[in-house]
Amino acid sequence: MTLLTLDHAMLDAAPKALRAELRDLDPADFAARYIRITGPVTLGEFTCSGTDFTATLELGNHLRTVIAAGNPVAAMTSALYDEGYPLEILRFHQRRTDAGIATFVQCEFNGKRGWAAAMGAGGAESTVRAMIAGVNLLAN
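All figures in this text were calculated on a predicted structure; none of them were measured in a lab. (Residues numbered from 1 in each chain as written. Predicted model: local features only at pLDDT ≥ 70, side-chain atom pairs only at ≥ 80, totals over all residues. Heavy atoms only, no water.)

Undergrad: I tried to follow the packing of aromatic side chains on my own but got confused; where do I start?
TA: Both the distance between ring centres and the angle between the ring planes are used here to describe each pair of aromatic rings. Considering all chains together, one arrives at 3 aromatic pairs under this definition. An angle of 20 degrees between the planes, with centres 5.8 Å apart, marks the rings of Phe46 and Phe53 as stacked. Like Phe53, Phe46 is buried. The interplanar angle of 25 degrees and the centroid separation of 6.1 Å between the aromatic rings of Tyr85 and Phe109 together place this pair among those described as stacked. (Phe/Tyr/Trp six-rings, centres within 6.5 Å; stacked < 30°, edge-to-face > 60°. Buried < 20%, exposed > 50% of the residue type's maximum accessible area, 1.4 Å probe, protein only.)

Undergrad: Even after reading the chapter, I still don't get the packing of helix 2 (residues 16-23) against helix 3 (residues 27-34), so can you show me in this structure?
TA: To characterise two packed helices, one gives the angle between the axes of the helices and the distance between these axes. In contact at an axis separation of 10 Å, helix 2 and helix 3 are set at 135 degrees when each is read in the N-to-C sense. The angle between helix 2 and helix 3 falls in the class oblique. Contacts from Leu18, Glu21 and Leu22 in helix 2 reach Phe30, Arg33 and Tyr34 in helix 3. Residues belonging to the contact of helix 2 with helix 3 are distributed by class as follows: 4 nonpolar, no polar and 2 charged. (Axes fitted to C-alpha atoms, helices over the stretch in contact; angles between N-to-C directions. Helix = DSSP H or I, 4+ residues; strand = E, 2+ residues; numbered from the N terminus. Parallel < 35°, antiparallel > 145°, perpendicular 65-115°, else oblique. Contact = heavy atoms within 4.5 Å. Nonpolar A, V, L, I, M, F, W, Y, C, P; charged D, E, K, R; others polar.)

Undergrad: Where do I start with the nonpolar core in this structure?
TA: Soluble, globular proteins show a tendency: their nonpolar side chains are buried together. Grouped together as the largest cluster of nonpolar side chains are 29 residues, with contacts concentrated most on Val41, Phe53, Leu57, Met76, Leu80 and Val128. For this core, the elements supplying multiple residues, two or more each, are strand 1 (41-49), strand 2 (52-59), strand 3 (62-69), helix 4 (72-82), strand 5 (100-109), strand 6 (112-120) and helix 5 (123-138). The element contributing the most residues to this core is helix 5, with 9 residues. Setting aside anything within four residues of it in sequence, one finds Met76 in contact with Leu57, Val66, Val128, Met131 and Ile132. Core analysis: the next-biggest nonpolar cluster, separate from the first, contains 16 residues, Met10, Leu18, Ala102 and Met119 among them. (Core = buried A, V, L, I, M, F, W, Y, C linked by side-chain atoms within 4.5 Å.)

So this is what it looks like as structure tokens:
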């Protein structure tokens, strides 16, 4: 999937309040502003079976494995908090697209607020990726 395809899929899936802002961005600007995969937290391995998932987070000089059943927001919020990244989810928006599941989260971290986005094969993966993007965008 190209960045341009991803951008259009994400734009179509975006929450209504964010769509006008997204329309003026080219794919590279969209990715830089909302999909931050590099930063203090990165996603290593991710596996999902039904409602159970396992995510390996790379946090500076160590790894943390998150294993959860059901709600990925609760599991990731707890794991990130334990690692010193108290990310709060203010708004959550998720939609299926032809490219996968798009997730948008409006987050707060250390007094900063912003939207982050991600695409994944399933809802849990997309949610985990969006939350990590939120930390990486707001931690700077």
